[in-house]
Amino acid sequence: MRDDAPNSWESRADAHSLYGFTDLPTIHDRGAVVLTHGQGPYVFDVHGRRYFDANSGLWNMVAGFDHPGLIAAAQAQYARFPGYHAFFGRMSDQTVMLSEKLIEVSPFDRGRVFYTNSGSEANDTMVKALWFMHAAEGNPQRRKILTRVNAYHGVTAVSASMTGKPYNAAFGLPLPGFLHLGCPHYWRFGRPGESEAEFTTRLGRELEATIIKEGADTIAGFFAEPVMGAGGVIPPSAGYFQTIAPILRKYGIPLISDEVICGFGRTGSTWGCESYGFMPDAIISSKNITAGFFPMGAVILGPELSDRIQAASELFEEFPHGFTASGHPVGCAIALKAIDVVMNEGLIDNVRALTPRFEAGLARLAEHPNIGEWRGKGLMGALEAVQDKETKTPFPGHLSVSERIANTCTDHGLICRPLGQSIVLCPPFITTPAQIDEMFEKLEAALKKVFTEVG
Ligand SMILES: *Cc1c(COP(=O)(O)O)cnc(C)c1O
């Protein structure tokens, strides 16, 4: 709890930190949780309290907070070559090796990789690359970007415009030309009497009608997360990607899979597009790519976009884009190690092994009359609180039910995230079955307490 002394960590955090995505009344009341270190899936605060981080940091610390192999890879690369860029035809050997590795583990048989420092920048980069490519091909009017309501693609001006969340209005976003289609969440958006198959068909029709109305030759690309993450862990309705992919192909619109959360194992496969059986034209990666040990994003282009963007670059004599720290050698060395750890040290296997237990825990808690739905894929899941299960009526916003549940969990050593009316869980891949059980026990106690309070 909050220590009000002027020299407390809580007061010092308040004095000089502009909090992002933080409920300020709550933080004024409770104080920031200031952390010092981690161990396995646990983090420790300045008061010595231990928390199981059921959100893997921000989805990304999948190998835990003290993986010795990742720390050693970072230390070794810092000692060898601590920084370089990837401009003007120069790049580190680690960058070359990581691009080879990413294409090898991607669903593509060939392609090219471009690096950024974040997922937002990777989405921005992909949008710019599409604009650049279409212009070079004589279609400069192909600029509109299609995404979905509740999508999360980042916070920079372009990626925020792609994000389908109401808070972007506070910034006067989206920019013109960023269109949001329906969210494929059947439980919430299915109409009375509409089957899931009919719902999916309706979303396909909406996509095609939008393309025809806007004009296919004005659309640069379609971006989608295989499972929506920050939208509240929303797996697509059955057959969704099988319905939309052929429509996009018919109109020559590239399909970009934003795998910033799903990539590298979260859904139980290397890629979310594998879990859902579709082939994108490019993949956006970040978060798990370094297991959270370094800020990095990557645009992984499949064969066709790789050829077309390369051709556009040759026409223009360069691809005039890049970040000072793109392809940073330490980040690349860490990513090479992280990919090895996730794929070869049994982490994806553990995601698969834990999934039935994780789903059973979610399903059990969803029996509560104030949980409307559980949903998830692999080791990402959500429970959605409702005032009335029958009518799916949410609790009034002013009761802050999900925040209160999450705060109660924090008080008992469990970090989980309120997202809208949902509680989101995405534990690290190194979690043990006993830790999964403990996570659900703590969450259950918090649910019972808060639901009793709000009656
Ligand atoms: C987190 C996230 C991003 C943005 O990544 P940042 O590194 O925070 O900029 C983009 N897309 C998805 C799907 C994400 O979850």
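None of these values were measured; they are calculated from a predicted model.

Peer 1: Would you mind showing me how to read the site of the ligand here?
Peer 2: As a matter of local geometry, the ligand sits amid Ser118, Gly119, Ser120, Asn123, Tyr152, His153, Gly154, Glu225, Asp258, Val260, Ile261 and Lys287. Taking Asp258, its side chain carries an N or O atom lying 2.8 Å from a nitrogen atom of the ligand. Between the ligand and Lys287, the relevant distance is 2.7 Å, taken from an oxygen atom to a side-chain nitrogen or oxygen of the residue. Burial of the ligand by the surrounding chains reaches 84%, relative to a free accessible area of 380 Å². With three residues, the top contributor of residues to the shell around the ligand is helix α6 (residues 119–136).

Peer 1: Please explain the side chain of Ser326 as it appears in this structure.
Peer 2: If you trace the backbone, Ser326 turns up in the loop between α12 (303–316) and α13 (329–344). For Ser326, the side chain forms a polar contact with the main-chain oxygen of Tyr115, separated by 3.0 Å.

Peer 1: It is not clear to me how the nonpolar core should be interpreted in this structure. Could you clarify?
Peer 2: Ranked by size, the top nonpolar core spans 95 residues in total, and within it Leu102, Phe222, Ile405 and Leu443 carry the most contacts. Both domain 1 (33–66 + 346–454) and domain 2 (70–344) contribute no fewer than three residues apiece to this core. Those residues within four positions of Leu102 in sequence are excluded, and the remaining contacts are Val113, Tyr115, Phe264, Ile289, Ala298, Ile300 and Ile339. Within the second largest apolar cluster, 21 residues are counted, among which are Ala122, Ala220, Phe223 and Ala282.

Peer 1: Can you walk me through helix α9 (residues 196–214) in this structure?
Peer 2: Within an α-helix, residues lying three or four positions from one another point in the same direction, as the helix has 3.6 residues per turn. Taking 1.5 Å of rise per residue, the 19 residues of α9 would be expected to cover 27 Å, and the 27 Å separating its terminal C-alpha atoms lies within 8% of that figure. Of the positions making up α9, those classed as buried are Phe199, Thr200, Arg202, Leu203, Gly204, Leu207, Thr210 and Ile211. Those residues of α9 that are buried are in contact with β5 (144–148), β6 (178–181), α8 (186–189), β7 (219–224) and α10 (240–250). Looking one or two residues beyond α9, the residue adopting positive phi is Gly215, at roughly 95 degrees.

Peer 1: Whenever I open this one, the pairing of β7 confuses me. Can you help?
Peer 2: Regular strands place their side chains on alternate faces of the sheet. Counted residue by residue, β7 has six buried out of six residues, so it is predominantly covered. Where β5 meets β7, three bridges bridge the pair, whose relative direction is parallel. The residue of β7 that forms the bridge with Ile145 is Gly221. Sheet analysis places β7 next to strand β8 (residues 255–258), joined by three bridges and oriented parallel. Its bridge partner being in β8, Phe222 is matched across the sheet by Leu255. Handedness of the crossover joining β7 and β8 through α10 is recorded here as right-handed.

Peer 1: In this structure, what is going on with the domain arrangement of the protein? I would like to understand it.
Peer 2: How big an interface is tends to be reported as the loss of accessible area on association of its parts. Domain parsing of the protein yields domain 1 (33–66 + 346–454) and domain 2 (70–344). Taken over both partners, the interface formed by domain 1 and domain 2 buries close to 2,700 Å², and the fraction arising from carbon and sulfur atoms is 65%. For the pair domain 1 and domain 2, the interface holds one salt bridge. Residue Glu384 pairs with Arg188 through a salt bridge whose shortest N-O separation is 3.4 Å. At the boundary of domain 1 and domain 2, one finds 15 residue pairs in polar contact (both at pLDDT 80 or more). Among the secondary structure elements, those contributing two or more residues to the side of domain 1 that touches domain 2 are α3 (56–59), α14 (347–365), β11 (371–377), β12 (380–385) and β14 (417–419). The element contributing the most residues to the side of domain 1 that touches domain 2 is β11, with five residues. Within the side of domain 1 that touches domain 2, the residues separate by chemical class into 18 nonpolar, eight polar and eight charged.

Peer 1: Sorry, what's going on with the pairing of β6 here?
Peer 2: Here four bridges tie β5 to β6, and the two strands are oriented parallel to one another. The residue of β6 that forms the bridge with Arg148 is Leu181.

Peer 1: It is not clear to me how the packing of α6 against α12 should be interpreted in this structure. Could you clarify?
Peer 2: Geometry of a packed helix pair, given as the angle between the helix axes and the separation of the axes. At a minimum axis separation of 9 Å, α6 and α12 run at an interaxial angle of 65 degrees. Considered as vectors, α6 and α12 are oriented roughly perpendicular to each other. Of the two elements, α6 crosses α12, and the hand of that crossing is left-handed. For the pair formed by α6 and α12, the contact residues are Met126, Ala129, Leu130, Phe132, Met133, His134 and Ala136 on the first element and Leu305, Arg308, Ile309, Ala312, Ser313, Leu315 and Phe316 on the second.

Peer 1: Quick question: what am I supposed to make of a nonpolar patch on the surface here?
Peer 2: A cluster of nonpolar residues, Phe21, Val155 and Tyr167, forms a patch on the protein surface that exposes about 320 Å² of accessible area. Within the secondary structure layout, Tyr167 lies in the loop between α7 (157–162) and β6.

Rules used throughout
Residues numbered from 1 in each chain as written. Predicted model: local features only at pLDDT ≥ 70, side-chain atom pairs only at ≥ 80, totals over all residues. Heavy atoms only, no water. Near = heavy atom within 4 Å. Polar contact = N/O pair within 3.5 Å; in protein donor to acceptor, adjacent residues only side chain to side chain. Areas by Shrake-Rupley, 256 points an atom, 1.4 Å probe, with all protein chains shown as cover. Helix = DSSP H or I, 4+ residues; strand = E, 2+ residues; numbered from the N terminus. Core = buried A, V, L, I, M, F, W, Y, C linked by side-chain atoms within 4.5 Å. Buried < 20%, exposed > 50% of the residue type's maximum accessible area, 1.4 Å probe, protein only. Domains from an automatic or database assignment. Contact = heavy atoms within 4.5 Å. Expected span 1.5 Å × (residues − 1). Pairing = 2+ DSSP bridges. Right-handed = clockwise from strand over helix to strand, strands pointing away. Buried area = accessible area lost by both parts, 1.4 Å probe. Salt bridge = Lys/Arg side-chain N within 4 Å of Asp/Glu carboxyl O. Nonpolar A, V, L, I, M, F, W, Y, C, P; charged D, E, K, R; others polar. Axes fitted to C-alpha atoms, helices over the stretch in contact; angles between N-to-C directions. Parallel < 35°, antiparallel > 145°, perpendicular 65-115°, else oblique. Left-handed = near helix turned anticlockwise from the far one by under 90°. Patch = residues over 30% accessible without salt bridge, like charges linked within 9 Å, V, L, I, M, F, W, Y side chains within 5 Å.

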